[in-house]
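This is what each chain is made of:
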Amino acid sequence: MDVVICKDYAAMSKAAARVVAELLNHKPNAVLGFATGSSPVGLYKELIRMHQEEGLDFSKVTTFNLDEYVGLPPDHPQSYRTFMNTNLFNHINVPVQNTHVPSGTSANHAAFCAWYEKQIVDCGGIDVQVLGIGSDGHVAFNEPGSSLGSRTRMVTLTEQTLDDNARFFKKKSDVPRHAISMGVGTILEARKQVMVVNGKNKAPALAAAVEGPITSMITASALQLHPDVVVFVDEDAASQLKMRDYYNWIQKQAKKAD
Ligand code: GLP
C-alpha cells in the first residue's frame, strides 16, 4: 500500500485525480468506480477542470458507484445519484447511460444487487475504484462487522454513520437507516484502489485501516490485502500514522527518480 501525504486537501485531490487521468489517457474506455462524501469532491472538481481545460475525455467511460440510501429516489436532493450528477456527471462528457449508481428504490433489493454485480463483471470489472473512509473505518457502507468477503447487498447503518451523515439532512431521523452497498469483496476486485482521506476526525480511522490489523471491525483495513492501493491523505488525517516519516521518505525518493 502506498501512502502519499499531501500538504493540504487541494494537493491531495489533485494527486488523486492525476491517477484517474493517467488511466484514462491510456485506456479511454476505462471502468471507473466512484464514491460519494465530501472527501472526493475536490478530486471530482479537478477531473472537471481537466475535462474543461485539458480535454480529458469521458465519452467512452463506464462508471459504478459504491452505494445508495434505501428509500431515496434518484432525484431526491440527498440521494447519491443526485450527488454524483451535481458534483461530477453533469460537468463532464460521460454518457448518462454509462453511469451506474445502485438503486435504493427497487422492488427486490436482493435481485437488484445481483444484477449490479453482474453489470460490473459484464463491463470487464472496475479499473480504478475511488474510495473515502467513514469515521468508523468503513468503506462504502460496509459498517463494522461486515464480512470482508461481502458482496453488494442491503446494509443497516450504524448510529455513528447516521450521526456523521445527519449534516446533509434536516434532522437525524431523516437519514435512511439502510443502504445498498457494494461489498468489501466486490471492492477488492477492482484492479486499483485510490483512497482519499482528509481532516483530523479521520486520523484514527486511517491509522487503524493502514497500520492496524486486518479486521471486519475496520472494513477499510481489508485494503491491506489488495496489491495496488494508493492512499492520498492530508497532513491532518496523517497525524496518527506511526510510519509517517517512512512514507514521506519513500515519496521523496520517488519524486527524485521522476
Ligand atoms: C459515507 C459513504 C462513504 C464515504 C463516507 C465518508 O458513509 N458511504 O463512501 O467514504 O461517507 O464521507 P465523507 O467523505 O463525507 O467524510
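Here the structure is a predicted model, which is why all the values come from computation and not from measurement.

Draft legend 1. Just the pattern of salt bridges, in detail. What the rule picks out here adds up to 15 salt bridges. For E159, the salt bridge goes to R177, with nearest N and O atoms at 3.0 Å. Of this pair, E159 sits in helix α5 (residues 159-165) while R177 sits in the loop between α5 and β8 (178-181), and the two are 18 residues apart along the sequence. On the accessibility criterion, R177 (42% relative accessible area) is partly exposed. In this structure, K192 and D228 form a salt bridge, with 2.9 Å as the shortest nitrogen-oxygen distance. Pair noted here: K192 is in strand β9 (residues 192-197) and D228 is in the loop between α7 (203-211) and β10 (229-234), with a separation of 36 residues, a long-range link. Classification of K192 by relative accessible area gives partly exposed; the value is 23%. Through salt bridges with shared partners, one network takes in E46, R49, E53 and E54.

Draft legend 2. Structural detail: the sheet that holds strand β4 (residues 67-69). Taken together, the three strands give an open sheet; going across it, the order is β4-β8-β7, and neighbouring strands pair in antiparallel fashion. Two strands in the sheet have a free side with no partner beyond their single neighbour: β4 and β7 (153-156). On average, adjacent strands in this sheet sit at an angle of 30 degrees to one another, irrespective of strand direction. Strand direction decides the pairing type here: β4 and β8, joined by three bridges, are antiparallel. When the bridges of β8 are listed, D67 appears paired with S181.

Here is what the cut-offs are and how they apply
- Residues numbered from 1 in each chain as written.
- Predicted model: local features only at pLDDT ≥ 70, side-chain atom pairs only at ≥ 80, totals over all residues.
- Heavy atoms only, no water.
- Salt bridge = Lys/Arg side-chain N within 4 Å of Asp/Glu carboxyl O.
- Helix = DSSP H or I, 4+ residues; strand = E, 2+ residues; numbered from the N terminus.
- Buried < 20%, exposed > 50% of the residue type's maximum accessible area, 1.4 Å probe, protein only.
- Pairing = 2+ DSSP bridges.
- Axes fitted to C-alpha atoms, helices over the stretch in contact; angles between N-to-C directions.

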